[in-house]
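Each chain, written out:
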Amino acid sequence: MKALIKAEWQTAILVCAKCSKRLDGGFGKKGNQSLAKALRRQLGIKRFRKASIGIVEVKCLGVCPRGAVTLVDAREPGNWRLVPAGAHVPALIDSLGLGAAQPPA
């Protein structure tokens, strides 16, 4: 078994899966995607380990906001974000400093 596995990540974004499930979508063009899926699609992330950014859905972060999803950027672990349903994903990407949003492939 390998002791280390290489990943190309520069940072990791943690998205609360419980918040996403409670919203039942709320993001993307039609408003039917989870926040993690909308971020992956907007950033053009395809392969998990080989991506430049890791977007990981975690069980529960314990905040449980109404009508929003909790998001943690690993570069700023002390500042958690509450992203309201229907938030503009490209604007969120810019505010996170993840670079210019690429159109979905």
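To be clear, the structure that these remarks concern was listed above.
Small disclaimer: the values here were computed from a predicted structure and weren't measured.

Rules of the game
- Residues numbered from 1 in each chain as written.
- Predicted model: local features only at pLDDT ≥ 70, side-chain atom pairs only at ≥ 80, totals over all residues.
- Heavy atoms only, no water.
- Helix = DSSP H or I, 4+ residues; strand = E, 2+ residues; numbered from the N terminus.
- Buried < 20%, exposed > 50% of the residue type's maximum accessible area, 1.4 Å probe, protein only.
- Contact = heavy atoms within 4.5 Å.
- Lys, Arg positive; Asp, Glu negative; His and termini not counted.
- Charge placed at Lys NZ, Arg CZ, Asp CG, Glu CD.
- Arc of directions from axis to C-beta.
- Axes fitted to C-alpha atoms, helices over the stretch in contact; angles between N-to-C directions.
- Parallel < 35°, antiparallel > 145°, perpendicular 65-115°, else oblique.
- Nonpolar A, V, L, I, M, F, W, Y, C, P; charged D, E, K, R; others polar.
- Salt bridge = Lys/Arg side-chain N within 4 Å of Asp/Glu carboxyl O.
- Core = buried A, V, L, I, M, F, W, Y, C linked by side-chain atoms within 4.5 Å.

Caption draft 1: Just the overall build of the protein chain, in detail. Each helix and strand counted, the protein chain has 3 helices and 4 strands in total. When burial is assessed residue by residue, the protein chain has 34% of its 105 residues classed as buried. Within the protein chain, counting contacts between residues at least 6 apart in sequence, those at least 24 apart form 63% of the total. Across the protein chain, the centroid of the 18 positively charged side chains sits 8 Å from that of the 6 negatively charged ones.

Caption draft 2: View of helix α2 (residues 35-43). Every buried residue of α2 is accounted for by L35, A36, A38, L39, Q42 and L43. Taken down its axis, α2 places every buried residue within 165° of arc, on the same side. Summarising the contacts, the buried residues of α2 are in contact with β1 (11-16), α1 (17-23), β2 (53-58), β3 (68-73), β4 (80-84) and α3 (89-96). Positive phi shows up at G44, right after α2, with a value of about 75°.

Caption draft 3: The packing of α2 against α3, seen in detail. Where α2 contacts α3, the two axes come as close as 10 Å, and the packing angle between them is 80°. In this view, α2 runs roughly perpendicular relative to α3, as classed from their interaxial angle. From α2, L35, A38, L39, Q42 and L43 reach across to α3, where they touch V89, P90, L92 and I93. Considered class by class, the residues forming the contact of α2 with α3 number 8 nonpolar, 1 polar and no charged.

Caption draft 4: Representation of the pattern of salt bridges within the structure. With the rule as written, the count across this model stands at 2 salt bridges. Across the pair E8 and K6 runs a salt bridge, and its minimum N-O distance is 3.8 Å. The class for K6 is exposed, based on a relative accessible area of 60%. Of the charged contacts in the structure, one is a salt bridge between R75 and D73, with a shortest N-O distance of 2.7 Å. The exposure class assigned to R75 is partly exposed, which follows from its relative accessible area of 41%. Residue D73 is classed as buried on the basis of its relative accessible area of 3%.

Caption draft 5: Molecular detail of unusual backbone geometry. Positive phi, close to 55°, is recorded for D24, a residue that is not glycine. Structurally, D24 is set in the loop between α1 and α2. Positive phi, close to 50°, is recorded for C64, a residue that is not glycine. Assignment of secondary structure puts C64 in the loop between β2 and β3.

Caption draft 6: The nonpolar core, seen in detail. The biggest cluster of nonpolar side chains holds 24 residues, and the ones touching the most others in it are I13, V15, L35, L39, I55 and L71. Listing elements by their share of this core, those giving two or more residues are β1, α2, β2, β3 and α3. The biggest single contributor to this core is α2, with 5 residues.

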